[in-house]
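Next come the chains, spelled out residue by residue.
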Amino acid sequence: MTQKTVLVTGANKGIGLEIARQLLTRGCSVIISGRDSEKLATAKVELQKENHEPGILIMNVSDTESIANAANYLSSLNIKLDVLINNAAIMDSLDKDLSEQDLALLEKTVRTNAYGPLQIIKSFLPLMNNPSRIINISSSGGSMTDPVGGWSPAYCVSKSL
Ligand SMILES: NC(=O)c1ccc[n+]([C@@H]2O[C@H](COP(=O)([O-])OP(=O)(O)OC[C@H]3O[C@@H](n4cnc5c(N)ncnc54)[C@H](OP(=O)(O)O)[C@@H]3O)[C@@H](O)[C@H]2O)c1
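Residues numbered from 1 in each chain as written. Predicted model: local features only at pLDDT ≥ 70, side-chain atom pairs only at ≥ 80, totals over all residues. Heavy atoms only, no water.

### A short note on the nonpolar core
Turning to step 1, where the next piece is worked out: Grouped together as the largest cluster of nonpolar side chains are 17 residues, with contacts concentrated most on L7, L57, L74, L81, L84, I120 and F124.
Turning to step 2, where the next piece is worked out: Contributing elements (two or more residues each) for this core: α3 (64-76), β4 (81-86) and α4 (103-124).
Turning to step 3, where the next piece is worked out: With 4 residues, the single largest contributor to this core is α3.
Turning to step 4, where the next piece is worked out: Those residues within four positions of F124 in sequence are excluded, and the remaining contacts are L7, L57, M59, I67, A70, A71, L74, L81 and L84. (Core = buried A, V, L, I, M, F, W, Y, C linked by side-chain atoms within 4.5 Å. Buried < 20%, exposed > 50% of the residue type's maximum accessible area, 1.4 Å probe, protein only. Helix = DSSP H or I, 4+ residues; strand = E, 2+ residues; numbered from the N terminus. Contact = heavy atoms within 4.5 Å.)

### Comments concerning the packing of helix α1 (residues 14-25) against helix α2 (residues 37-48)
Turning to step 1, where the next piece is worked out: Running from amino to carboxyl end, α1 crosses α2 at an angle of 35 degrees, the nearest separation of the two axes being 11 Å. Note that α1 runs across α2; the crossing there is right-handed. Of the residues in α2, those touching α1 at L17, R21 and L24 are A43, E46 and L47.
Turning to step 2, where the next piece is worked out: Class assignment of the residues belonging to the contact of α1 with α2 gives a composition of 4 nonpolar, no polar and 2 charged. (Axes fitted to C-alpha atoms, helices over the stretch in contact; angles between N-to-C directions. Left-handed = near helix turned anticlockwise from the far one by under 90°. Nonpolar A, V, L, I, M, F, W, Y, C, P; charged D, E, K, R; others polar.)

### Overview of α3
Turning to step 1, where the next piece is worked out: Between its first and last C-alpha, α3 extends 18 Å over 13 residues, near the 18 Å set by a 1.5 Å rise per residue.
Turning to step 2, where the next piece is worked out: Turning to α3, its buried residues are S66, I67, A70, A71 and L74. Buried residues in α3, looked at end-on, bunch into an arc of 135 degrees, giving them a common side. Seen from the buried face of α3, the exposed residues on the opposite side, beyond 90 degrees, are E65, N72 and S76.
Turning to step 3, where the next piece is worked out: In this fold, the buried residues of α3 make contact with β2 (29-34), β3 (55-58), β4 and α4.
Turning to step 4, where the next piece is worked out: Where α3 starts, the residue carrying a side-chain oxygen 2.9 Å from the main-chain nitrogen of E65 turns out to be D63.
Turning to step 5, where the next piece is worked out: Note on α3: the residue one or two positions beyond its end, N78, has a positive phi of about 60 degrees. (Expected span 1.5 Å × (residues − 1). Arc of directions from axis to C-beta. Polar contact = N/O pair within 3.5 Å; in protein donor to acceptor, adjacent residues only side chain to side chain.)

Written out as structure tokens, the structure is:
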């Protein structure tokens, strides 16, 4: 099987880092992406200690310019992707009650969790192989069977879009 190239956003920790680890273990070429170069470097070292060699890509998923720069950078390296995993997301600890919280929190959450992945898809489509896969990590919070409002409403709204 040809080696697949996978980009994982928000991969400096949590589920994204574990996705990267699992795919590296299975022989994929993995690019871990994040907004913080130091955190990314730390994650890379952690994976290197397990004999993996991930690529790294700095990209803030809530910043259109950062997304464009990241896509241009990969393009300049002639890198094509087989899989794009939109994993990065936020859930703010102040996200409790839409009627009381600052609407800027809703805006930031939706920009990061919903517009971010959409902008990334638009910017990275020219870099996707044919065939390829795009995976968007959602949440039960965005499910119609788990009504918005019970917990972290901005997060739930962002995951239902
Ligand atoms: N954990 C769960 O139980 C659960 C359940 C259902 C769905 N999910 C979904 O699974 C995914 C991963 O969740 P997790 O629990 O692993 O979350 P996490 O531990 O909080 O990790 C989130 C990752 O996203 C990154 N990120 C946040 N905002 C970003 C931005 N603007 N630009 C670039 N990277 C950004 C974070 O980077 P920083 O370190 O720089 O903040 C971090 O690497 C999310 O989409 C989440 O909604 C999680």
